[in-house]
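# An overview of the molecular structure
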Amino acid sequence: MKVFVTQKLAGDFVDRLAEKYEVVVWPGREISRKDLLRKVRGVDAILSLLTERIDAEVMEKAGENLKIISNCAVGFDNVEVSEATRRGIVVTNTPAALSESVAEHAIALMLTVMRRIVEGDKYVRSGKFKGWEPDLMVGMTVRRKVLGVVGMGRIGEWTARLGYGLGMKVIYYSRSRSVDVEKECKGEYKEKLDELLKEADVISLNVPLNKETEGMIGKRELMMMKKTAVLINTARGAVVKENELIEMLKEGRIAGAGLDVFEDESRVNTGLFKLDNVVLTPHIASATNEARELMAEMAVNNILRTLAGEEPEGLVNEEVWCRARVHKC
Ligand code: NAP
Ligand code: GLV
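The rules behind the values
Residues numbered from 1 in each chain as written. Chains lettered and ligands numbered in written order. Predicted model: local features only at pLDDT ≥ 70, side-chain atom pairs only at ≥ 80, totals over all residues. Heavy atoms only, no water. Near = heavy atom within 4 Å. Polar contact = N/O pair within 3.5 Å; in protein donor to acceptor, adjacent residues only side chain to side chain. Areas by Shrake-Rupley, 256 points an atom, 1.4 Å probe, with all protein chains shown as cover. Nonpolar A, V, L, I, M, F, W, Y, C, P; charged D, E, K, R; others polar. Core = buried A, V, L, I, M, F, W, Y, C linked by side-chain atoms within 4.5 Å. Buried < 20%, exposed > 50% of the residue type's maximum accessible area, 1.4 Å probe, protein only. Helix = DSSP H or I, 4+ residues; strand = E, 2+ residues; numbered from the N terminus. Domains from an automatic or database assignment. Right-handed = clockwise from strand over helix to strand, strands pointing away. Pairing = 2+ DSSP bridges. Patch = residues over 30% accessible without salt bridge, like charges linked within 9 Å, V, L, I, M, F, W, Y side chains within 5 Å. Salt bridge = Lys/Arg side-chain N within 4 Å of Asp/Glu carboxyl O. Lys, Arg positive; Asp, Glu negative; His and termini not counted. Charge placed at Lys NZ, Arg CZ, Asp CG, Glu CD. Contact = heavy atoms within 4.5 Å. Axes fitted to C-alpha atoms, helices over the stretch in contact; angles between N-to-C directions. Parallel < 35°, antiparallel > 145°, perpendicular 65-115°, else oblique. Left-handed = near helix turned anticlockwise from the far one by under 90°. UniProt positions renumbered as here; feature names shortened; annotations may be inferred.

## Some points on the site of ligand 2
The immediate surroundings of ligand 2 are formed by Leu50, Ala73, Val74, Gly75, Leu98, Arg236 and His283. The separation between an oxygen atom of ligand 2 and a polar main-chain atom of Val74 is 2.7 Å. In the environment of ligand 2, an oxygen atom lies 2.8 Å from a nitrogen or oxygen atom belonging to the side chain of Arg236. Look at ligand 2: alone it shows 190 Å² of surface, and the protein chains cover 88% of it. Looking at the shell around ligand 2 residue by residue, the class counts come to four nonpolar, two polar and one charged.

Encoded structure:
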């Protein structure tokens, strides 16, 4: 069987695939659409990254052999899952491999914004710092502030634990309740997003991007937040209406934002660059050696298991399993 890997991954896990299957790894960085459509022809498995759109056209080009799309990421909004399901193709992701790393990054962004770390760093480097001043870059104490987690899944839960460890009160809004967070962090469930928006000092977005969460935070929601509140987004850029966020930050309707993800990551909105109360990172929340290796290992294992007819750990479209193409091998 043939496997196409769209980019070189961390570690040597892909070698495990090569022991059993014919494997082609795209040698460059991001693969062009044209090359992707060319390289997937006739393959049994695609190991993709979140930067590639794996839609009906790709599945069609791959043809009847395609049995699994193993996305090396937790988010799978780049994969047309409904189309894969319709065709009997298994879709997998890499949950849990990176939850702690992303949560740590969310908290790092929160501290960086609240303690004005980036501004301070620039100030010292530019030679402006000439000695201690009582009112220089005064920020906010994190302890006793209210952390509002939106989307209490794997990453949300870790973010809540870390925030609780810093002495924050945890509240959350999610589709389902988390018994663990309610027990471990005395987390308080809010039935309505609006309730959370009004009460939280820091809001961490940890929902997946889907039809319901796209544009979930816009002007209306930002206006509900405290003027002193901070928004952290490590989920997906499109969960926030970026232009409206920029407008609200400019007007001082909220105190700041920490963003790891953007609406258009190939051309980040330059309106964000002019704002001192915003900290930006280039979609690196999961970028730790530990997480990258676990992600690669899991993405590879998902293919090995699926092609061997065993249910993979990161199965996204569970409903496809009993009628998956792989069972016809
Ligand atoms: P997860 O375990 O599936 O958690 C997502 C949570 O959001 C779940 O509790 C889910 O509820 C809830 N949710 C879904 N739709 C909702 C809605 N419309 N309203 C309220 N809550 C909703 O996923 P995760 O592993 O924590 O990852 C979350 C997201 O983080 C990923 O999808 C990805 O986009 C992003 N991410 C970003 C990075 C980065 O590098 N910046 C890295 C990894 C992941 P249910 O429990 O009911 O499903
Ligand atoms: C990264 O953004 C992921 O979804 O894994």
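## Regarding the nonpolar core
Grouped together as the largest cluster of nonpolar side chains are 32 residues, with contacts concentrated most on Leu9, Leu17, Leu47 and Ile303. Looking at this core element by element, the count peaks at eight residues for helix H12 (residues 289–307). Each of domain 1 (2–93 + 289–327) and domain 2 (98–280) accounts for three or more of the residues forming this core. Among the nonpolar cores identified, the runner-up in size contains 30 residues, and Val146, Leu249, Ala257 and Leu272 belong to it.

## Some thoughts on the pairing of strand E6 (residues 146–150)
Put simply, side chains in a regular strand alternate between the two faces of the sheet. Most of E6 sits inside the fold, with five of its five residues counted as buried. Burial along E6 is two-sided: the residues Val146, Gly148 and Val150 and Leu147 and Val149 are all buried. Once the chain exits E6 it traverses helix H7 (residues 154–165) before rejoining the sheet at strand E7 (residues 169–173), and the crossover so formed is right-handed. Note: E6 against strand E9 (residues 202–205), four bridges, orientation parallel.

## Some thoughts on the site of ligand 1
As a matter of local geometry, ligand 1 sits amid 28 residues, with Ile155, Arg175, Ser176, Thr234 and Asp260 nearest to it. In the model, an oxygen atom of ligand 1 is placed 3.3 Å from a nitrogen or oxygen of the Gly153 main chain. At a separation of 2.9 Å, an oxygen atom of ligand 1 approaches a polar backbone atom of Arg154. Relative to its unbound accessible area of 940 Å², ligand 1 is 87% covered by the protein chains. Of the residues assigned to the shell around ligand 1, the class counts are twelve nonpolar, eleven polar and five charged.

## Remarks on a negative patch on the surface
A surface patch of like charges, here negative, comprises Asp12, Asp15, Glu19, Glu100, Glu104, Glu290 and Glu293. Elements supplying a minimum of two residues to the negative patch: helix H5 (99–114) and H12. Mapped onto the secondary structure, Glu104 falls in helix H5.

## Considerations on unusual backbone geometry
Glycine aside, residues mostly have negative phi angles, and peptide bonds mostly take the trans form. Non-glycine residue Arg144 carries a positive phi angle of around 75 degrees. Exposure remark for Arg144: the relative accessible area of 63% places this residue in the exposed category. A positive phi angle, near 50 degrees, is found at Lys186, a position not held by glycine. Considering the arrangement of structural elements, one finds Lys186 in the loop between helix H8 (179–184) and strand E8 (188–189).

## Comments concerning the side chain of Ser70
With respect to the element layout, Ser70 can be found in strand E4 (residues 68–71). A distance of 3.5 Å separates a polar atom in the side chain of Ser70 from a polar atom in the side chain of Thr92. Beyond its immediate sequence surroundings of up to four residues, Ser70 is in contact with Ile46, Leu47, Ser48, Thr92, Ala299, Asn302 and Ile303.

## Notes on the sheet that holds E8
In a beta sheet, neighbouring strands pair by backbone hydrogen bonds and run either parallel or antiparallel. In space, the seven strands of this open sheet follow the order E8-E7-E6-E9-E10-E11-E12, with parallel pairing throughout. Two strands in the sheet have a free side with no partner beyond their single neighbour: E8 and strand E12 (278–280). Direction of pairing for strand E11 (residues 256–259) relative to E12: parallel, over a ladder of three bridges. Residue pairing for E12: Gly258 is matched across the bridge by Val279.

## Topic: the packing of H5 against H7
Where H5 contacts H7, the two axes come as close as 8 Å, and the packing angle between them is 50 degrees. Comparing the axis directions of H5 and H7 gives the class oblique. When you trace H5 past H7, the crossing you get is right-handed. Contacts between H5 and H7 involve Ser99, Glu100, Val102, Ala103, Glu104, Ala106 and Ile107 on the former and, on the latter, Arg154, Ile155, Trp158, Thr159, Leu162 and Gly163. Within the contact of H5 with H7, the residues separate by chemical class into seven nonpolar, three polar and three charged.

## Points about the UniProt feature "domain: D-isomer specific 2-hydroxyacid dehydrogenase NAD-binding" (unreviewed entry) in the protein chain
The feature "domain: D-isomer specific 2-hydroxyacid dehydrogenase NAD-binding" (unreviewed entry), as given by UniProt, occupies residues 107–285 in the numbering adopted here. Between the end C-alpha atoms of residues 107–285 there is a gap of 10 Å, over a span that is 32% helix and 15% strand.

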